[in-house]
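Overview (structure and organization)
As a plain string of letters, each chain reads:
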Amino acid sequence: LSAIFAAPALADVKDGVDAWSRQDYKAAIAQWEGPAAAGDADALFNLGQAYRLGRGVAVDPDKAEQYYAKAAAKGHLQAADIYGLLLFQRGQRQAALPYIQDAARRGDPRSEYLLGIAYFNGDIVSKDWVRAYALLTLANGQGLPQATPAIAEMDKYIPLDQRQKAASLAVQLQQEADQATREQADQQRD
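Residues numbered from 1 in each chain as written. Predicted model: local features only at pLDDT ≥ 70, side-chain atom pairs only at ≥ 80, totals over all residues. Heavy atoms only, no water.

Our focus in this paragraph is the overall build of the protein chain. When you go through the protein chain residue by residue, the secondary structure sums to ten helices and zero strands. The order of helices and strands in the protein chain, counted from the N terminus, is α-α-α-α-α-α-α-α-α-α. The principal-axis extent of the C-alpha atoms belonging to the protein chain is close to 60 × 35 × 30 Å. Per-residue burial over the protein chain gives 42% buried out of 190 residues. Taking the intrachain contacts of the protein chain between residues at least 6 apart in sequence as the baseline, contacts between residues at least 24 apart amount to 46%. When the accessible surface of the protein chain is split by element, carbon and sulfur atoms take 51% of a total near 10,500 Å². Distance from the positive charge centre (20 side chains) to the negative charge centre (24 side chains) of the protein chain: 3 Å. (Helix = DSSP H or I, 4+ residues; strand = E, 2+ residues; numbered from the N terminus. Buried < 20%, exposed > 50% of the residue type's maximum accessible area, 1.4 Å probe, protein only. Contact = heavy atoms within 4.5 Å. Areas by Shrake-Rupley, 256 points an atom, 1.4 Å probe, with all protein chains shown as cover. Lys, Arg positive; Asp, Glu negative; His and termini not counted. Charge placed at Lys NZ, Arg CZ, Asp CG, Glu CD.)

Here we take up helix H9 (residues 147–155). Turning to H9, its buried residues are Ala 147, Ala 150, Ile 151 and Met 154. Seen end-on, H9 carries its buried residues on one side only, within an arc spanning 100°. On its buried face, H9 sits against helix H7 (109–121) and helix H8 (129–141). (Arc of directions from axis to C-beta.)

All right, on to the nonpolar core then. Counting 53 residues, the largest nonpolar core has Tyr 68, Ile 100, Tyr 113, Leu 115, Leu 136 and Met 154 as its most contacted members. At eight residues, the largest contribution of residues to this core is made by H8. In contact with Leu 115, not counting residues within four places along its chain, are Leu 97, Ile 100, Gln 101, Ala 104, Val 125 and Leu 135. (Core = buried A, V, L, I, M, F, W, Y, C linked by side-chain atoms within 4.5 Å.)

Looking now at the layout of surface pockets. Volume-wise, the largest pocket comes out at about 150 Å³. Lining the largest pocket are Gln 101, Ala 104, Arg 105, Leu 115, Tyr 119, Arg 131, Leu 135, Leu 138, Leu 173 and Glu 176. For the lining of the largest pocket, the secondary-structure elements that each account for two or more residues are helix H6 (93–105), H7, H8 and helix H10 (160–189). The residue inventory of the lining of the largest pocket, partitioned by class, reads six nonpolar, one polar and three charged. (1 Å grid on protein atoms, 1.4 Å probe; cavity = no way out; pocket = protein on both sides within 12 Å on 5 of 7 lines; lining within 4 Å. Points joined across faces, edges and corners; volume = space filled by probe spheres on them. Nonpolar A, V, L, I, M, F, W, Y, C, P; charged D, E, K, R; others polar.)

Right, let's get into the pattern of salt bridges. Taken as a whole and judged by the stated rule, the model has nine salt bridges. The closest approach of N and O atoms between Glu 153 and Lys 156, which form a salt bridge, is 3.1 Å. With a relative accessible area of 61%, Lys 156 lands in the exposed category. Overlapping salt bridges, with partners in common, bring together Asp 81, Asp 102, Arg 105 and Arg 106 in one network. (Salt bridge = Lys/Arg side-chain N within 4 Å of Asp/Glu carboxyl O.)

The next subject is helix H4 (residues 61–73). Between the first and last C-alpha of H4 there are 18 Å, a value that for 13 residues agrees with the 18 Å anticipated at 1.5 Å per step. Along H4, the positions that sit buried rather than exposed are Ala 64, Glu 65, Tyr 67, Tyr 68, Ala 71 and Ala 72. Angular distribution of buried residues about the axis of H4 spans 165°; they occupy a single face of the element. Exposed and facing more than 90 degrees away from the buried side of H4 are Asp 62 and Ala 73. Residues of H4 that are buried in the fold lie against helix H3 (41–53), helix H5 (77–89) and H6. (Expected span 1.5 Å × (residues − 1).)

Residues at a pLDDT of 70 or more form 93% of the protein chain, whose mean pLDDT is 91. Ignoring residues within four places in sequence, the model shows residues 1–8, a span with pLDDT below 50, making zero contacts including any to other chains. (pLDDT = per-residue confidence, 0-100.)

Right under this line is the structure:
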């Protein structure tokens, strides 16, 4: 019985994605509102994107954040990643920390950067220069522009032996992120 009710919501979400791709943002939003009200994580995330970007609706960061929070609570990882970054930007760093840590664990370069800076400074987490340097190395490897000057600044303070340990840790963290990505892909296929 639940499959009968889920199918129309999925069709609406996909129809909304198709409309978004055609840049018919108002139609996309109309397709997502029903499934979002019913708690569909993808529709909630998509509405969050619309309100954050101002596509088909006026830009409304608060409303976007509410949609991301609801989608994150339903297990939508991309929504959780963005929600964590929004919380962090608003200064709610302690509330953002679990989201940032999870995203960094899965290899998100923005979260690796933020968490690396936090470990370097000892903000919201205990100071750990090896982990800080490893995380910044990973973010830099993914092309995050702000990672390069941050690493250069860290080079002034972090001793060579700790930077060498960080290189080994970065390899380990990358392997763990790759494994998490594979597991996530497997879950999505199931």
